[in-house]
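# Remarks on the overall topology
Single-letter residue listing:
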Amino acid sequence: MPTRATMARLTYYVFAFGFLCSALHCQLTKAYEEVDVMLASGISARTPGVRETKTPEGGRAFKVRPKDRDLGTDQGSLERLLRSMKADEGFILITVAYQDPKNRGTLVSVDRTDGQVRGFGFHIDRRNDEAVVQFAEFGAGEPQESQVVFSPLNIGKDDTELHTFVLDVRGNLVTLYMDCQLIGLKILPSSFYMNMEPDNMKLRLGKGLPDRNNVLDFKGTLAVAKFAFQTSTTDVLISQGCEIEPVFSSSQISFGSSFPLPIGESEPSHISSDAAMPGGEGNVEQSTPNNNNHGDSGSFGNSGLSDSMSFGGAIPVPPGGSFSNLNPGVPSSTGGTSGNVMPQPVPGTPPHLPTNMGYMHPNAAPTDDTMQGQCAYTCEQISNLNNQVQVLSDGYDDMWNKLEHFENQRPPEWPSQQGCWYMKTLYDDGDVFKVDKCKSCECRVEGGLPTVECSLIKCQPGKCANPIIMEGDCCPTCPNDNLGWSDWAEWTSCSVTCGNGIQQRGRSCDRTQFECNGNDVETRVCYLDPCIEIVDGGWSNFTPWSCGVTCGNGTESRMRSCNSPRPKNGGKRCDGELDGAGREERPCGRDPCPVDGQWGQFSEFTPCTKTCDGGWQERYRFCDSPPPAHGGRDCVGSDTHRRMCNEWPCPIDACLSSPCFDGVECVSFTDGRYECKDCPVGYTGNGILCQDINECLLVSDACFNFHGEHRCLNLIPGYTCRKCPIGYRGNQPSGMGVYHAKRYKQQCIPINPCAEGTSSCHIDARCIFYGPYSDPQYGCKCKTGFAGDGVHCGYDSDLDGWPDEQLDCEDHGDYTHCTRDNCASLPNSGQEDNDGDGKGDACDADDDDDLVDDVADNCQFISNWQQFDIDDDGVGDVCDNCPFVSNTRQEDTDSDGDGDVCDYDIDEDGIYNEDDNCMYVANARQLDFDEDGYGDVCDNCPDYGNPDQMDIDDDNVGDVCDTDRDVDNDGHQDDLDNCWNIANSDQADHDMDGIGDACDFDDDNDGIEDVDDNCRLIFNPSQNDTNENGRGDACEYDNDGDGVTDLQDACPDNANIQRTDLSHFQLIKLDPEGSAQIDPHWIVRNRGQELVQTINSDPGLAIGYDEFNSVEFSGTFYVNTERDDDYAGFVFGYQSNHRFYSVMWKQVTQKYWEPMPTMSEATAGLQLKLINSTTGPGEYLRNALWHTGDTSDQVKLIWSDANKIGWKDFTAYRWILTHRPRTGYIRVTMYEGSKVLADSGALYDFTLQGGRIGLFCFSQEMVFFSDLQYKCLAEE
């Protein structure tokens, strides 16, 4: 250990050399060689998690975010780097970077390929405002890792600038500069890089080490990262634009209090703990500066070299000499010269001064070739030497003061009791105590000998992304974002009164006392009733003229409907609608109608054939009134009418006068009497007078009854049945008498190609019979596992409705597809193919062909290889609907191309947002009946003031007017139900008279009751039915008049629903409080017929706004990840967040990880549950949903699959649900391909009489719900 005198002499010579060098203006040797880590790593805008940007000077830089990628260089670059380090006996690292606030991450490192050892790393820690040099000493055993810390950097919390760091490592001396300022100087225990070999090592950029909270990925902007060799720190600093003055200029020559002076008196020495002696820990906590008047002027700390350093009044000189004798070439102050030569350096070397031939190392000894003028050492050498002397001096003083410190801790008298005296404190045997924030000690007394054993506290891996080290703590902890903050204020009322709006709440923080992590304002989306727009009715186009007759002259008519648009929300009906303006008539003519012959008047009777005993006489008629024409039928019956005459008896035979009816047997008696037998078949009477029997009236089902008409024709005598109607086949009986009519009834059965096997459907299709009078009568639909038009079907392996191979047919509508699936392995019912390359977006890694993978592309569907994003919201400028305002969700309510966050009129109703009482719903009139600030069209209680718009049960009725009284259990409280005592969840009211169709005897208000109306839902008082099929012309192909044909209409009897659409849905959070997980995140595709839930979430629902009575709901279920094994499914009968049915599917049996408030265990397999909760969303309902079984006051298990088959990753399944609330019927079937995987069979539950449908997810990410389809079912 050098003495204080030795250190003083060494300091004196260094000072003298420095002064002389400055006076001679020694030149610096320059050479340059580099290893550019950024260039070698290949970083670019295409790198995942990397986005190219610009420095303020216009140079290239890269924004880097932590990603699952490794920016490593090739092995050749690492080998060249290590060779240069050894040859140069050190290196200079130059980085230009901006580290995100509160982040700490690695800029450059050399790591072992297994990620377990860091050979070298340069690390910036914005949380603690420090830079860290990490290194490992390689030897015979496992490498030992250490680090040195430079602190503080004085980078402000709000600093967003790039900073230049220059790290100079020479031998075991390391120096750090930031932005031309010296930060500090340290001594390493060894030249770690000399033993580092390239085998199993890797040179990396911006990458931390796994499971190491203190070695994290870089997050920020990186512009430069390179190693420099064959140059000096001064040259590097000058190249970075630093203004460098000679190190020992006359204005800088001084020594601070840490330099012991060779002569005279000096101030007490201050020990800087930044510099440790070789072989020590390498870094100790920084001590507080002393309060002497000289400050830190002599220390190589953050302030660098001071411009004015005090020497106690005099400049020190060597004993017996002056500055004039340092060099013969420098004149003395008296003008003389001296022949003395420069003294040699002090014997002995600092902790490792490397030398190198060729390149002039800053610490190398001078040679004849390197002498510049009369200077023996370069200024850089003198500066480095001075630095090393400074560190040695500080280390010496440090050890000296520590000895004094330990001496002062010795107690004046040793205590007598058993214990340990440590740092002026007595500890009992077994006591465990902390010495500082990272060291823990234990007192042990064995055999009377006290021993204190100390060890460093081991830190556990952090459980959050950005842990911090709190004041006084050793280990990083997750930041307490609530520290210093007040409680959150109440949420503001929703910014809209209908549709989707926002709510905010705020809090305050005492920033003078706390760091105040987190935000002072939180924003969330609120979901209200759909916006109601007042729309006046408009006429549709007229239908084609339709003549009311098929022959002869008649009247033809055409019709139009008041549905273009349909009046909504109190809008005016179409002009003249009530006066019949929706219908026009005019004469029309067709071919002459067939004219059936009719009998003319009978002629007079002929003379009687007898004069007694009854003769007969006849009269005649002709078929000429009119005669048969144009194919009409001949007259039916006899052309002759005969009657009896002269009936008085003749003395011989009373029957001779033919007293009986024609064809009736007459029996005469000897006394002159006669008897007539029974009338002929088909007649009734006494035999003398016989009348025709009307078999059609007496036998009401003798012939086929069609739409209330008995198709029977009475003849004289007898009857005949008309031919079976079109679409039916059967017999056509005719005969006489009631017996015949009862025995030989007409049978007409529908011609059903499906039942008869005569359809054209494919073998893998189902034949669906629509009815005998439908056109067409039947349809074909490919079975589950197949796709096509029904006539042609092909395999559909992903069950998204598109065949794996091209079929010989054409696509039609939303669900008939013949085109080959562009992504046959993954459900994508919308077949989106943005770049038109034939590969669906679902399978295409680069949807816009801009050479940026979708996972990193900030405009997935618009080519933008530069990835510019001015507002840094993750959405590229070319596709950002608000490029200068951050809006990740890109909401655009009015679809005008301007995102809501930068649209002055979000709903485009002509009212600026700040003045609009329904910001998200067009309402130009701004009506607000209850004057609560929310317009009627978006107010969930339009008749009651409720500015907070609270709706705790998510039934779209505000709490202030929500009674929850619902007699018919259809989800609509009685005072808002248009048919309060008959379940009608769909609330259909086609004539908009306020009486729901379920209670209305005349749904279309055309004066004809529904039971007799051939168009129940369309105004048609004429009841025209040209083809006599029982359905009026006005609704022949469109029963509800919504403009969508019945075959394509999701609900043919409900004009409010035309197609499956979940693009707009109500987000229901079933566990909104606490932090167990986060809420689901839903992505909408294919116009609302496909949704994807992307994250591992709390239980939540996406509920559509269409409401149903009886419904069939089907869809494809697919989990596109191997991660997790939890719940997903769908819901139906949704009435509020307390009441709905759910079909949920669990992959494996598992207990819920939160045991409170109730234990819950999920069983693998499909389950059907009734949610009828008394508490609603929260931890009770959450745990009950997870549990496979009944939970009191929460959930009832209706059915679970006995086979307990869980879903599989990357496998497509298809479900079909049927629900008929009126009968309580429920059935769930799940298919894997074309195979039935599970079938509940017929189940019955009457609790919920209809409601809305939607999707369900609980703790399972990446769930695809594809090819969704719902259809209303006719009530049974």
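Keep in mind it's a predicted model, so treat the numbers as computed, not measured.

### Some remarks on the pattern of salt bridges
- Applying the stated rule across the entire model yields 46 salt bridges.
- Across the pair R1222 and E1275 runs a salt bridge, and its minimum N-O distance is 3.9 Å. Of this pair, R1222 sits in the loop between strand 53 (1213-1220) and strand 54 (1225-1232) while E1275 sits in the segment after strand 58 (1263-1272); the two residues are 53 residues apart in sequence, bridging distant segments of the chain.
- Bridged by salt links that share partners, the residues D70, D111, R118, K202 and R204 form one connected network.

### A closer look at the nonpolar core
- The biggest cluster of nonpolar side chains holds 50 residues, and the ones touching the most others in it are F91, F120, F122 and F227.
- Membership of the second largest hydrophobic core comes to 43 residues, among which are L1062, L1168, C1257 and Y1270.

### Some thoughts on the pairing of strand 5 (residues 90-99)
- Where burial is concerned, most of strand 5 is hidden: ten out of the ten residues are buried.
- Every second residue of strand 5 is oriented toward a common face, with G90, I92, I94, V96 and Y98 on one face and F91, L93, T95, A97 and Q99 on the other, all of them buried.
- Here strand 5 runs beside strand 10 (residues 163-170); their pairing, made up of eight bridges, is antiparallel. Pairing of I94 across the sheet is with V166, part of strand 10.

### Quick look at the confidence of the model for the chain
- Overall, the prediction assigns the chain a mean pLDDT of 82, with 82% of residues at 70 or greater.
- When the criterion is pLDDT under 50, residues 246-366 qualifies, and its contacts beyond four places in sequence or with other chains add up to 238 contacts.
- For the stretch residues 368-376, pLDDT sits under 50, and the model shows twelve contacts to residues farther than four places along the chain or on other chains.

### Re a nonpolar patch on the surface
- Taken together, the side chains of I870, F884, V885 and V901 present a nonpolar region at the surface, about 410 Å² in accessible area.
- Position of V901 relative to the elements: it lies in the loop between strand 41 (793-795) and strand 42 (1065-1069).
- On the accessibility criterion, V901 (47% relative accessible area) is partly exposed.

### Considering the sheet that holds strand 8 (residues 130-137)
- Taken together, six strands build an open sheet; the order of strands is 4-13-6-7-8-9 and the sheet is antiparallel. Across the chains shown, the open sheet's two edge strands, defined by having one partner strand only, are strand 4 (71-72) and strand 9 (144-150).
- Pairing geometry for strand 7 (residues 118-125) and strand 8, over six bridges, is antiparallel. Residue pairing in the sheet places H123 in a bridge with V132 of strand 8.
- Sheet strands touched by helix 3 (residues 75-88): strand 6 (104-112) and strand 13 (201-205). Its angle to strand 13, the strand with the most contacts, is close to 100°.

### Some details on the UniProt feature "repeat: TSP type-" (unreviewed entry) in the chain
- Residues annotated in UniProt with the feature "repeat: TSP type-" (unreviewed entry) correspond here to residues 891-926 and 988-1023.
- Here residues 891-926 is 0% helix and 0% strand, with 23 Å between the C-alpha atoms at its ends.
- Along residues 988-1023 one finds 0% helix and 0% strand; the C-alpha atoms at either end are 22 Å apart.

Definitions and cut-offs
- Residues numbered from 1 in each chain as written.
- Predicted model: local features only at pLDDT ≥ 70, side-chain atom pairs only at ≥ 80, totals over all residues.
- Heavy atoms only, no water.
- Salt bridge = Lys/Arg side-chain N within 4 Å of Asp/Glu carboxyl O.
- Helix = DSSP H or I, 4+ residues; strand = E, 2+ residues; numbered from the N terminus.
- Core = buried A, V, L, I, M, F, W, Y, C linked by side-chain atoms within 4.5 Å.
- Buried < 20%, exposed > 50% of the residue type's maximum accessible area, 1.4 Å probe, protein only.
- Pairing = 2+ DSSP bridges.
- pLDDT = per-residue confidence, 0-100.
- Contact = heavy atoms within 4.5 Å.
- Patch = residues over 30% accessible without salt bridge, like charges linked within 9 Å, V, L, I, M, F, W, Y side chains within 5 Å.
- Areas by Shrake-Rupley, 256 points an atom, 1.4 Å probe, with all protein chains shown as cover.
- Axes fitted to C-alpha atoms, helices over the stretch in contact; angles between N-to-C directions.
- UniProt positions renumbered as here; feature names shortened; annotations may be inferred.

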